[in-house]
Amino acid sequence: MKIRVAVLIGGRGSNMDALLAAARDPAYPAEIVLVLSNNPAASGLATATAAGVPILAIDHRPYKGDRAAHEVAIDAALRAVGVEVVCLAGYMRVLTPFLVGAWAGRILNIHPSLLPAYPGLHTHRRALEAGETQHGCTVHLVTQGVDEGPILAQAVVPVLPDDTEATLAACVLIQEHRLYPAALADFARALRRPLP
Ligand code: GRF
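Attention here is on the structure that accompanies the text. Computed from a predicted structure; not experimentally measured.

### As for the nonpolar core
With 38 residues, the main nonpolar core has Val5, Val7, Ile32, Val35, Leu108 and Leu184 as its most contacted residues. If you tally residues by element for this core, the top one is helix 6 (residues 165-192), at nine residues. Not counting residues within four places of it along the chain, the set of residues in contact with Leu108 comprises Val85, Val86, Cys87, Leu88, Val139, His140, Leu141, Val142, Leu152, Tyr180, Leu184 and Phe187. Grouped together as the second largest cluster of nonpolar side chains are 19 residues, Leu34, Tyr91, Trp103 and Ile107 included.

So, in structure tokens, the structure goes:
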């Protein structure tokens, strides 16, 4: 049995697309059963639809700042389709203790830095400004602290002398698209492994 996964996106959804592509392999241990966004205009929703995957937009704006109420609606949508694991992929809202608690140990995120270095935004710019010679991306479990959960996998890229924020971002993104499907596969296989 494949692990049932929902991908939460905020916009472009290129990592979601990489997960969808990996999940087309019959041997892949997870299936993407839902792509969900808080942003009805997220272009990734159209990509998912074109791939034949059910989508749902739950706009946060009508909730007028009641973040927990918005997450109650998301949680209900996930449970309604039997989701077992949630993958955040460019989902730009910080989760409240409600959703993090409800899905503890079952929410993954991809972050464009070698955590614990550079949590938060503008990671490529900050890595360049700090003169790093290595940068990369991390898949981690989501806990209450932003970008703080246990690390599941990382990919390293060299920072080249003539790198700009854009070239470094593009280089890291290529690794993100490789790392996230691999990390989800490992995670799904571990979940399915019978207890000794
Ligand atoms: C990626 O760089 C990811 O690491 C970060 O947000 C970006 C999302 O890009 N969390 P995409 O929507 O997957 O193309």
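Don't stop here, the text continues.
### Describing the sheet that holds strand 3 (residues 55-57)
Judged by pairing direction, the sheet is mixed, and its seven strands sit side by side in the order 3-2-1-4-5-6-7 without closing on themselves. Of all strands in the sheet, those with a lone pairing partner are strand 3 and strand 7 (151-158), marking the two edges. Within this sheet the neighbouring strands show an average axis-to-axis angle of 20°, counted without direction. Note: strand 5 (residues 107-111) against strand 6 (residues 134-141), four bridges, orientation antiparallel. Each bridged residue has a counterpart across the sheet, and for Ile110 the counterpart in strand 6 is Val139. Strands strand 1 (3-9), strand 2 (30-37), strand 4 (85-89) and strand 5 of the sheet are contacted by helix 1 (residues 14-23), whose axis makes an angle of about 155° with strand 2. Of the strands in this sheet, strand 1, strand 2, strand 3 and strand 4 are in contact with helix 3 (residues 67-80), which crosses strand 2 at around 150°.

### Topic: the site of the ligand
The ligand sits among Arg12, Gly13, Ser14, Asn15, Gly90, Ile110, His111, Pro112 and Glu176. Separating an oxygen atom of the ligand from a side-chain N or O atom of Arg12 is a distance of 2.5 Å. Interatomic distance of 2.9 Å between a backbone N/O atom of Asn15 and an oxygen atom of the ligand. When isolated, the ligand has an accessible area of 360 Å², and the protein chains bury 84% of it. Counting atoms within 2 Å of the grid points, the majority share of the ligand lands in the largest pocket. Where the shell around the ligand is concerned, the elements lending two or more residues are helix 1 and strand 5.

Reading guide: rules and limits
- Residues numbered from 1 in each chain as written.
- Predicted model: local features only at pLDDT ≥ 70, side-chain atom pairs only at ≥ 80, totals over all residues.
- Heavy atoms only, no water.
- Core = buried A, V, L, I, M, F, W, Y, C linked by side-chain atoms within 4.5 Å.
- Buried < 20%, exposed > 50% of the residue type's maximum accessible area, 1.4 Å probe, protein only.
- Helix = DSSP H or I, 4+ residues; strand = E, 2+ residues; numbered from the N terminus.
- Contact = heavy atoms within 4.5 Å.
- Pairing = 2+ DSSP bridges.
- Axes fitted to C-alpha atoms, helices over the stretch in contact; angles between N-to-C directions.
- Near = heavy atom within 4 Å.
- Polar contact = N/O pair within 3.5 Å; in protein donor to acceptor, adjacent residues only side chain to side chain.
- Areas by Shrake-Rupley, 256 points an atom, 1.4 Å probe, with all protein chains shown as cover.
- 1 Å grid on protein atoms, 1.4 Å probe; cavity = no way out; pocket = protein on both sides within 12 Å on 5 of 7 lines; lining within 4 Å.
- Sits in = over half its atoms within 2 Å of the grid points.

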